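Structure at a glance
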Amino acid sequence: MNGKNPFASTAGIIFVGAVIGVAAILLQKFGNPANMGICVACFERDIAGGLGLHRAAIVQYIRPEIIGFVLGSLGMALVAGEFRPRGGSSPLVRFVLGMIAAVGALVFLGCPWRTILRLAGGDGNALFGLAGLVCGIAGGTFFFKRGYSLGSSVRQNAAAGWLFPLIMVGLLGLYLAFPQVSGQAQSGPLFYSQSGPGSAHAPFLLSFGVALVIGALAQRSRFCTMGAFRDLILFRYAHLFLGVAAMFVAAIVANMLTGGFHAGFEGQPVAHTDGLWNFLGMVTAGLAFALAGGCPGRQLFMAGEGDSDAAIFALGMLAGAAMAHNLGTASSAAGIGAYGVHGTLIGLALCLFIGFAFSKKV
């Protein structure tokens, strides 16, 4: 298998991780927010804002990276003969898990990828997030050992596999039809941040092009941060973990070379210093990722391969990100949201309910 697909080898996954790490810092250098070159949770939140699903003015922008991840994976899956429309494995549960994952991640302020990038930028607060992520995934392995399963997906009509990529094409069309106008917060039906993280973005062609490459490479390598820790905890298998480690090393080296490394806890970009809720937010998110079968990036790549269950999870994250701002659970640099504690604990309780309900051992 590795002979036909070099990216599935150990060297291949290390290469892909390093590419992602360097690409993220490149995007930061050219305009994406500091320590947020790539963040699936944050970028889906920005897209939700760009579509008007929430009205937090500082986080509204149709991020080309999300679109590129899906379309890059789609293109590579078609070339490799791995586009397989499938789904039907507890879709509503997956949607809810996506919502929970977004709420937890936005209490911490980052997905697993941004956790790595924040650490690589010197943000000590991300240590609490990383610990929470690992604990959440470890909680998922507890349920796996109890026979947890959302059921098998089945082959579906080709149209089902194409729908999510077509939604991404539609978003791309909206972005191109209604581009940002300097000094204006709205262009046609789309909203654009004039300040804050949503206003910081690399040029479109760079963001989209880099995302296409990452989507293609990740599809071939099966790169997944949740899977990396799951496999390490459950099977003592380090293949995927080496890719995540390579991402971190490449990002920290790139930050050192470009002046992007600033060690400390205070004053870190788009971050707060509440260690307890940085930890618990990612415990909730990590458990949701584990129960859904993949980190946010991996879900997008699988959606590009035709997996409608993964697409449902991604749409759940989009809805959850909008809800996090509308209901006041999302954090900011000033601290956790007014209802961040409530959102985190309710999400964790729902994950535990799902974990036990879908386990064979009761």
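Report on the accompanying structure. (Residues numbered from 1 in each chain as written. Predicted model: local features only at pLDDT ≥ 70, side-chain atom pairs only at ≥ 80, totals over all residues. Heavy atoms only, no water.)

**Digging into the overall build of the protein**
Here is the rule: Numbering of helices and strands starts at the N terminus; helices are DSSP runs of H or I of at least 4 residues and strands are runs of E of at least 2. Put simply, the radius of gyration uses C-alpha atoms, and a globule should come to 2.2 Å times the residue count raised to 0.38. Only protein chains enter the accessibility calculation, which uses a 1.4 Å probe. A residue is then buried if its area is under 20% of the maximum for its type, exposed if over 50%, and partly exposed in between. Throughout, a residue-residue contact means that at least one pair of heavy atoms, one from each residue, lies within 4.5 Å. In this description, accessible areas are obtained by the Shrake-Rupley approach with a 1.4 Å probe, and a residue is regarded as covered only by the protein chains that are shown. A residue counts as positive if it is Lys or Arg and as negative if it is Asp or Glu; His and the chain ends are not included. Where a charge lies is defined by one atom per residue type: Lys uses NZ, Arg uses CZ, Asp uses CG and Glu uses CD.
Within the protein, the secondary structure is distributed over 14 helices and four strands. Computed over its C-alpha atoms, the radius of gyration of the protein comes to 19 Å, within 12% of the 21 Å expected for a compact globule of 362 residues. Once the C-alpha set of the protein is aligned to its principal axes, its extents read approximately 55 × 45 × 40 Å. Out of the 362 residues in the protein, the part that is buried amounts to 57%. Considering only intrachain contacts with a sequence separation of at least 6, the fraction spanning at least 24 residues in the protein is 80%. A total of about 13,600 Å² of accessible surface is found on the protein, and carbon and sulfur atoms cover 70% of it. Looking at charge distribution, the protein has the averaged site of its 20 positive side-chain charges lying 8 Å from that of its 11 negative ones.

**Focus: the packing of aromatic side chains**
Inclusion rule: Pairing of aromatic side chains here covers Phe, Tyr and the six-membered ring of Trp, requires ring centres within 6.5 Å, and sorts the geometry by plane angle: under 30 degrees stacked, over 60 edge-to-face, intermediate tilted.
Under the defined criterion, the tally for this structure stands at 15 aromatic pairs. Where Phe143 meets Phe356, the ring centres are 4.9 Å apart and the plane angle is 90°; that geometry is what we call edge-to-face. Of this pair, Phe143 sits in helix α6 (residues 126-145) while Phe356 sits in helix α14 (residues 340-357), and the two are 213 residues apart along the sequence. Phe356 gets classed as partly exposed once you look at its relative accessible area, which sits at 39%. Here the aromatic cluster, defined as three or more aromatic residues joined through ring pairs, consists of Tyr61, Tyr175, Tyr192, Phe204 and Phe208.

**Digging into the pattern of salt bridges**
To keep it simple, the criterion reads: Salt bridges are defined by distance alone: a side-chain nitrogen of Lys or Arg within 4 Å of a carboxyl oxygen of Asp or Glu.
Overall, the coordinates contain nine salt bridges when judged by the stated rule. Here Arg86 makes a salt bridge to Asp307, at a shortest N to O gap of 3.6 Å. Of this pair, Arg86 sits in strand β1 (residues 86-87) while Asp307 sits in the loop between α12 (296-304) and α13 (308-326); the two residues are 221 residues apart in sequence, bridging distant segments of the chain. The buried category is assigned to Asp307, whose relative accessible area is 9%. Measuring nitrogen to oxygen at the nearest pair gives 3.0 Å for the salt bridge that ties Asp231 to Arg230. Asp231 gets classed as buried once you look at its relative accessible area, which sits at 8%. By relative accessible area, which is 23% here, Arg230 ends up partly exposed.

**Here we look at the packing of helix α9 (residues 225-235) against helix α10 (residues 239-258)**
In plain terms, the rule: For helices, the axis comes from a line fit to the C-alpha atoms of the stretch in contact; other axes are also lines fit to C-alpha atoms, and the angle between any two N-to-C directions lies between 0 and 180 degrees. Here is the rule for angles: anything less than 35 degrees is roughly parallel, anything more than 145 is roughly antiparallel, 65 through 115 is roughly perpendicular, and the remaining ranges are oblique. Helix crossings fall into two classes, left-handed where the near helix is turned counterclockwise from the far one by less than a right angle and right-handed where it is turned clockwise.
Axis separation between α9 and α10 bottoms out at 7 Å; the angle between their running directions is 130°. Here α9 lies oblique to α10, going by the angle between them. Relative to α10, the crossing made by α9 is left-handed. Residues Thr225, Gly227, Ala228, Phe229, Asp231 and Leu232 of α9 pack against Leu240, Phe241 and Val244 of α10.

**A word on unusual backbone geometry**
Of note, the phi angle at Ser90 is positive, near 50°, even though the residue is not glycine. The exposure class assigned to Ser90 is buried, which follows from its relative accessible area of 18%. Unusually for a residue other than glycine, Arg222 sits at a positive phi of about 65°. Inspection of the secondary structure puts Arg222 in the loop between α8 (204-221) and α9.

**A word on α6**
We count it as follows: To estimate the expected span of a helix, count its residues, drop one, and scale the result by 1.5 Å.
Taking 1.5 Å as the rise per residue, α6 with 20 residues should run 28 Å; its terminal C-alpha atoms sit 29 Å apart, in good agreement. Ala126, Gly129, Gly132, Leu133, Gly136, Ile137, Gly140, Thr141 and Phe143 are the residues of α6 that are buried. Looking at the buried residues of α6, the elements they touch are α4 (91-108), α5 (112-120), α9, α11 (275-292) and α14. Backbone geometry just after α6 places Gly147 at a positive phi near 85°.

**Quick notes on the environment of Ala310**
Position of Ala310 relative to the elements: it lies in helix α13. Take Ala310: its relative accessible area is 2%, and that puts it in the buried class. With 202 residues separating them in the primary sequence, Ala310 and Phe108 have C-alpha atoms 23 Å apart.

**Some thoughts on the side chain of Ser207**
Relative to the assigned elements, Ser207 resides in helix α8. Filtering out sequence-adjacent residues up to four positions away, Ser207 remains in contact with Leu27, Asn32, Pro64, Glu65 and Ala202.

**With respect to the packing of helix α1 (residues 10-29) against α10**
Going by this rule: For this classification, Asp, Glu, Lys and Arg are treated as charged, while Ala, Val, Leu, Ile, Met, Phe, Trp, Tyr, Cys and Pro are nonpolar and the rest, including Gly, are polar.
It is the contact of α1 with α10, at a shortest axis distance of 7 Å, that shows an interaxial angle of 35°. In this structure, α1 crosses over α10, and the sense of that crossing is right-handed. On α10, the residues that touch Thr10, Ile13, Ile14, Gly17, Ala18, Ile20, Gly21, Val22, Ile25, Gln28 and Lys29 of α1 are His239, Leu240, Leu242, Gly243, Ala246, Met247, Ala250, Ala251, Ala254, Asn255 and Thr258. Of the residues belonging to the contact of α1 with α10, the class tally is 13 nonpolar, eight polar and one charged.

**Notes on α11**
For α11, spanning 18 residues, the distance from its first C-alpha to its last is 26 Å, which sits close to the expected 26 Å at 1.5 Å a residue. Taking burial as the measure, the 18 residues of α11 include 16 buried ones, the bulk of the element. Where α11 terminates, the next one or two residues include Gly293, which has phi positive at roughly 90°.

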